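Geometric and topological summary
Chain residues, written in single-letter form:
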Amino acid sequence: MNLHSFIHGRSRLLLVLSFLVGVLFSAEGADDAVAIGSRRELFVDRLLVGELKNTVLKLHEPQLMPPVPQPRPHGHYATVLRASDKFQFYYRGDKDPKVTWKTQGIEAYHDGEVTLYAESADGIHWTLPKLGLHEHPAFPDGNIILMNEFMVNHNFTPFIDTRPGVPADEKYKALGGLAFQPQQQAVREKRGPGGLKAFVSPDGIHWKKLRAEPVIPEAWGKYFDSQNYAFWSEAEQCYVCYFRRFIGGLRGIARTTSQDFIHWTPFVEMKANLPGEHLYTACTQPYFRAPHLYLALPTRFMEKRGAATDILFMSTRGGETYDRLFTQSLIRPGLSKEGWANRANYAAIGIHQTGDTELSLFLTNGRRYTLRLDGFVSVNAPLEGGEFITRPLTFDGSKLTINYATSAAGQMQVEIQDAQGQPVPGFSLDACDPIYGDHIDRVVTWKKESDVGRLKGTVIKLRFVMSDADLFSVKFQEASGASNTALKTGG
């Protein structure tokens, strides 16, 4: 046998063995494996967490950005949407801020509310377009999109409907409204029942009622006096709405779903609150880089501390439970006394990319905070080193990409294991090219090769050996999707 024939035969044998190994991997542990497909997975919950050896899950702190000229306008229960060509900002305004529900009563108070609108090309610098839809001397810029909708303007909250086949004139949808409290029945008899009313729009500016009656009944809300947000969930194939409800005497969150945005399933009360904890807003939304994950930025309300507030971080993948992996605040009130004022801290609906490598969170009083993309939570290792091993999983794709950062002294290596925790030939730790630097989408290689396609559909584990490093997300994808987007030069 000549050398060429020997090498050719040996290669064929290796291919057959690889196929048989793949079959064995698929059979072992398949029932327990997490099927991630080609989805990006963050570590905001413990779904993929198998073992942490001298590593921890770390909540990262958003950074407050300095103010800019012509700062973003502000108002409670704000929403930031991203259309194809611009950012759109919705917020509440008052015809006369001196008219309050305590001084003039709820009828005058809610009649004085309007919904205002601003636009931005970058999510940072904002303008007020003169729309010519509603005129009022308190708003000379003419940026009112909704007026004279009793109680609806208190918390009008829109979204861009991504459901396939949605009619063009219903591309945008919104909910708004309140439920009357027991002492307000005289106003209810005069103005009609409350509840959440549905609106639709082709452009997010010109709105009309989907129907006259509320789509989510008044009886469900106690008392909807918060931001009640709905969206189309591609993962669940339905509309989902998270709304405010008192649960056991505490401000809490309920959830309902719908196929048509008109008829909604009986609500479930979400398991979210810690003992004695008030959650003032749900602020729950699909994360744009991993829409099967819903990220929540609720306001925690400290009623007996002068109504002080801060911003929490939670997540859910649907169902009736939030993951409270972290109980500390994501954003604290801060050094200024304004941050400790009554109800001073609300996050707007909307987590958006505002740079090549950054995302932004938008808070009241025109504040903007940033994180790196996917940068809420990381698997973190100290300089002396540690390991992270995933639960068994299956994937689709041909390359493994990671979002990570190391120090100048740190590094990371990745091993692909079989379902029993043994290294897969060709993907051992020793074969992995050392990784250091700071990248949003880094392709992992083993002896300069990145193709993991032969393991597609088989049950594997990922083992990360790390030092002074953070791992933010993982994703298997086809070769054409890999980009190696870097924050800093790395190995």
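Higher on the page you've got the structure.
Because the structure is a prediction, the values reported are computed rather than measured.

Moving on to the layout of surface pockets. Here the largest pocket is characterised by a volume of approximately 1000 Å³. Every residue lining the largest pocket is counted, 33 residues in all, and those nearest its centre are R92, W101, Y109, H154 and R343. When contributions to the lining of the largest pocket are tallied by element, the ones reaching two or more residues are β7 (87–94), α2 (106–111) and β16 (238–247). In terms of residue count, α2 provides more of the lining of the largest pocket than any other element does, three residues in total. Partitioned by chemical class, the residues of the lining of the largest pocket number 14 nonpolar, twelve polar and seven charged. By volume, the second largest pocket amounts to about 550 Å³. Lining the second largest pocket are 23 residues, with I160, T162, Y229, P286 and F288 sitting closest to its centre. Elements with a minimum of two residues in the lining of the second largest pocket: β6 (79–82), β10 (157–160), β15 (229–233), β20 (284–287), β21 (290–296) and β25 (347–353). Of the residues forming the lining of the second largest pocket, the biggest block, five residues, is contributed by β25. Per-class residue counts for the lining of the second largest pocket are 15 nonpolar, six polar and two charged.

Further remarks concern the sheet that holds β16. Strand order in the open sheet formed by four strands is β15-β16-β17-β18, with antiparallel pairing between adjacent strands. Unpaired on one side and paired on the other, β15 and β18 (268–269) mark the two borders of the sheet. Where β16 and strand β17 (residues 250–258) come together, nine bridges link them in antiparallel fashion. Residue pairing in the sheet places F243 in a bridge with A254 of β17.

How each quantity is defined
Residue numbers run consecutively from 1 along every chain, following the written order of its sequence. Only residues with pLDDT of 70 or above have their local features reported here, since the model is predicted, and side-chain atom pairs are shown and tallied only from 80 upward, although totals for entire chains, interfaces and linings are computed over all residues. Side-chain metrics in this entry use all non-hydrogen atoms of the structure; hydrogen atoms and water are not considered. A 1.4 Å probe that fits but cannot get out identifies a cavity on a 1 Å grid over protein atoms alone, an open set with protein on both sides within 12 Å along at least five of seven lines counts as a pocket, and a residue lines either if it has an atom within 4 Å of a point. Grid points are joined across faces, edges and corners, and a volume is the space filled by probe spheres set on the points. Secondary structure elements follow DSSP: runs of H or I of four or more residues count as helices, runs of E of two or more count as strands, with numbering from the N terminus. In this classification, the charged set is Asp, Glu, Lys and Arg, the nonpolar set is Ala, Val, Leu, Ile, Met, Phe, Trp, Tyr, Cys and Pro, and all remaining amino acids, among them Gly, are polar. Two strands are counted as paired when DSSP detects at least two bridges linking them.

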